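Inside the fold
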Amino acid sequence: MTSEPASPVGRYVARFDPFDRFLHFLLMVTFLGLALTGLPLLFSTHAWAAVLSRLLGGFRGAALFHRAFAFGMLACFGMHLARLGYRLVVRKDWGILWGPHSMVPQPRDVVQILQNFRWFIGRGPRPEFDRYAYWEKFDYWAVFWGMGIIGGSGLVLWFPKFFARFLPGTVFNLALLIHGEEALLAVCFIFTIHFFNSHLRPEKFPVDKVIFTGVLPEEELRHERPAEYERIAASGQLERLVSSPPTSATLVWTRVSTLLAVALGLVLVLLTIWALLR
Amino acid sequence: MVVGASIASGAPTVPSPSNEDCLTCHGETDAKRADGRPIFVAKEKFASSVHGQAGLACVDCHTALAASTEFPHPEKLAPAQCASCHADVASEYARSVHAQARRREGASLAATCADCHGMHDIRSPKDPSSPTYALNLPATCARCHGNPDVIRRGHIAIGNVAALYEDSIHGRAVLKSGLVTAPNCKTCHGMHDIRRSSDPASLIFRGNVPSTCGSCHQGIERLYQEGIHGTLLRQGDKRAPVCTDCHTAHHIQQADVEAWRLDVVKECGNCHAESRETFRDTYHGQVTNLGFARIATCSDCHRAHDIHPAADPRSTVSTTGRVATCQKCHPGTNEKFARYDPHPDPKRRARNPLLFYAAIFMKWLLVGVMAFFGLHTVLWFPRSWRARREGNAEKPPPREGEKR
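Bear in mind the structure is a predicted one, so any value in this text is a computation, not a measurement. (Residues numbered from 1 in each chain as written. Chains lettered and ligands numbered in written order. Predicted model: local features only at pLDDT ≥ 70, side-chain atom pairs only at ≥ 80, totals over all residues.)

Here we come to the overall build of chain A. A count of helical and extended segments in chain A gives 12 helices and 3 strands. Computed over the C-alpha atoms, the radius of gyration of chain A is 21 Å, within 12% of the 19 Å expected from 2.2 N^0.38 for a compact globule of 278 residues. The principal-axis extents of the C-alpha atoms in chain A amount to approximately 60 × 40 × 40 Å. Counting every position in chain A, which comprises 278 residues, the buried fraction comes to 33%. (Helix = DSSP H or I, 4+ residues; strand = E, 2+ residues; numbered from the N terminus. Rg over C-alpha atoms; globule rule 2.2 N^0.38 Å. Buried ≥ 20, exposed ≤ 12 C-beta atoms within 10 Å, placed from the backbone.)

Time to look at the overall build of chain B. Of regular secondary structure, chain B possesses 23 helices and 0 strands. Taken over the C-alpha trace, chain B has a radius of gyration of 35 Å; the compact-globule value for 404 residues is 22 Å, which it surpasses by more than 25%. Its C-alpha atoms give chain B principal-axis dimensions of roughly 125 × 70 × 35 Å. Residue burial in chain B is summarised as follows: out of 404 residues, 27% are buried. Restricting to contacts in chain B with at least 6 residues of sequence separation, those with at least 24 account for 49%. (Contact = placed C-beta atoms within 7 Å.)

It is worth spelling out the domain arrangement of chain B at this point. How big an interface is tends to be reported as the loss of accessible area on association of its parts. The domains assigned to chain B are domain 1 (1-85), domain 2 (111-194), domain 3 (196-252), domain 4 (254-339) and domain 5 (348-383). Inter-centroid distance (C-alpha atoms) of domain 3 of chain B to domain 5 of chain B is 50 Å. (Domains from an automatic or database assignment.)

Let us look at the interface of chain A and chain B. Opposite the 39 residues of chain A that make contact, chain B presents 46 residues. Looking at the side of chain A that touches chain B, the elements that each hand over two or more residues are helix H1 (18-42), helix H2 (47-55), helix H3 (58-89), helix H4 (107-120), helix H6 (160-163) and helix H7 (170-200) of chain A. Of the residues in the side of chain A that touches chain B, the class split is 26 nonpolar, 8 polar and 5 charged. (Nonpolar A, V, L, I, M, F, W, Y, C, P; charged D, E, K, R; others polar.)

All names here are of chain A. For helix H5 (residues 134-158), spanning 25 residues, the distance from its first C-alpha to its last is 34 Å, which sits close to the expected 36 Å at 1.5 Å a residue. The sharpest bend along H5 measures roughly 25° and falls at Gly 146. Residues Tyr 134, Trp 135, Phe 138, Val 143, Met 147, Ile 149, Ile 150, Ser 153, Gly 154 and Val 156 constitute the buried set of H5. (Expected span 1.5 Å × (residues − 1). Bend = angle between axes of the 7 residues up to and from the residue.)

Moving on, we come to the sheet that holds strand E2 (residues 215-217) of chain A. Residue and element names in this part refer to chain A. Ordered by their spatial adjacency, 3 strands build an open sheet running E2-E1-E3, and the pairing between neighbours is antiparallel. Whereas interior strands pair on both sides, the edge strands pair on one side only; in this sheet they are E2 and strand E3 (242-243). Relative to E2, strand E1 (residues 12-14) runs antiparallel, the two sharing 3 bridges. By the bridge assignment for E2, Ala 14 is matched with Val 215. (Pairing = 2+ DSSP bridges.)

This brings us to the environment of Leu34(A). Residues and elements named next belong to chain A. In this structure, Leu 34 sits in helix H1. Separated by 39 residues in the primary sequence, Leu 34 and Met 73 place their C-alpha atoms 8.9 Å from one another. Leaving out residues up to four positions away in the same chain, Leu 34 has contacts with His 66, Phe 69, Ala 70 and Met 73.

A few words on the packing of H5(A) against H7(A). Residue and element names in this part refer to chain A. Their axes nearest at 9 Å, the elements H5 and H7 cross at an angle of 155°. In this view, H5 runs roughly antiparallel relative to H7, as classed from their interaxial angle. By crossing handedness, the relation of H5 to H7 is classed as left-handed. Residue-level contacts link Trp 135, Asp 139, Ala 142, Gly 146, Ile 149, Ile 150, Ser 153, Gly 154, Val 156 and Leu 157 of H5 to Val 171, Phe 172, Ala 175, Leu 176, Ile 178, His 179, Glu 182, Ala 183, Ala 186, Phe 189, His 194 and Asn 197 of H7. (Axes fitted to C-alpha atoms, helices over the stretch in contact; angles between N-to-C directions. Parallel < 35°, antiparallel > 145°, perpendicular 65-115°, else oblique. Left-handed = near helix turned anticlockwise from the far one by under 90°.)

For the rest of this paragraph, the subject is unusual backbone geometry. Peptide bonds are mostly trans, and most non-glycine residues show a negative phi. A cis amide bond links Phe205(A) to the next residue, Pro206(A), at an omega of 0°. By the secondary structure assignment, Pro206(A) is in the loop between H7 and helix H8 (210-213). Even without a glycine there, the phi angle at Lys92(A) is positive, about 55°. Looking at the element boundaries, Lys92(A) is found in the loop between H3 and H4. A positive phi angle, close to 50°, is found at His155(B), a residue other than glycine. Tracing the sequence through the fold places His155(B) in the loop between helix H10 (148-153) and helix H11 (161-166). Overall, the presence of 9 C-beta atoms within 10 Å leaves His155(B) in the exposed class.

Quick look at the structure:
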């Protein structure tokens, strides 16, 4: 995080377009909602779970909210897939499948994992990350995989009558187990590892606003994503990305929503850890 | 009683004192013994009692005074001799838990005739003002069985059953709805020969409980006797549950209230521990755990009284009966749906290998991901801390309004 007001030396550049920011926000809200309404079932024998489910309007209320959030999250996933399809089919943007601005894991990422560990222990320089670092790719694919696994099993549990037409009954046993376990992993991962990697680590604390505001200081991009910065600068595209700094209204909105999201996420993960340890 | 009988055998040679003679002293409202206890007997109360209406004389019960000529008589007398007329009832009483307690402990707190029936104002149990009238009996028994002091001093192991009964469906029917046909204490325990549950002759002896409850709940008893629990009980299996194991003895609740529906899982689980645990992990179980009962619990699938083993075609969870059972809550579902296992156990490979391996995979995925990124985070933190300090040092000093 760096200084917010524009300074002559601190130009801002665009990193995420409004649609990506909207999808992250929708994902954040629906994920928190799903975790909040789903965790009481997963830890149903704990007293806090009973209290929480009462607050959410009983199991029927919680189930209704859970399905509403699930719809929102699946819609989010659908919009993302549609956009990927558009970029591939209409815009012929093959670079999203391979290359420096692709989310697809590449040999470079394996090298950078090792380099980063070396940097952690002071045995080497920081890797020259491009647009997406390996932990961001992991976040992305974890969510992608989670969408398929949790979303798929959730739909099986949501519409059992339909799925029982062509799937054996044991699928429902499997779906409940996988839905719960994968959700547990998602909650544990997002509310600790993702929070730390992207927001809570000292360089970013308390929150990396870029996914909410869409812009970051040019200096920060140059420092943290040197490969991307060099690539953009070399292509002469940098001037096109220069943006105005976030407005104070955007900053206030970002502060409030991220504070609430981080607080709720931390409460949920603490309840989860407490339940797991008991 | 034996002592009293020998006194009564002394034949009077002079006319016995009349009731009027007795009332000369006992009719005085302020008459007292030496120790100050009153000796007053209300004439009209006795007159309206069963004994008064039958024209009994005081000395018919207080037989020790039948031949007495010296008045005032000694303070210490043998107790009133109910047995001299009610010999059959007295012999029943002699076998009861109350009489046993009196024999064992001498001057016991345990109830004797007067404790339930009263003394001079004894009335017919059909009389609504009698303490033995159907609607009054619970309160009469509760004078001891709802009295914490008596329960403690009398070592009554079962505790305050009066309070439990009062809150039960039977108690509410009697005490609130005034149903004389609803069971009160004596319906299950008998009257004079109340026996311990360990006594095979007791109405509440384990093996006799179904027929005791069945004296009213005939249709349910028939279903129970046909079911596996009744069959096992007849075969002498000590683990077979009887009515009171699930319903409790005194705190019987209406079966469709939420608290009971949630509680029954525990009751069944007392014996079927594994089934309870595997149920707990399903959606049915999770919702039940959270305290909501509008979802299947044990008896919704297995039924309550006519429970049969799954291999029995009469069972609601048999391979043929299962679909109809699922359809009670999930209308329009098919045979495939009904093959869902409502008691899955991911720890047992034989039961469902797919579930077993899926559980292992999910567990190690969680452990693996969290271990890798846990280490990643732990190593990154100090580095990130230093990077922040170094980063700050590189930057120009903070401007006004900036955090750093």
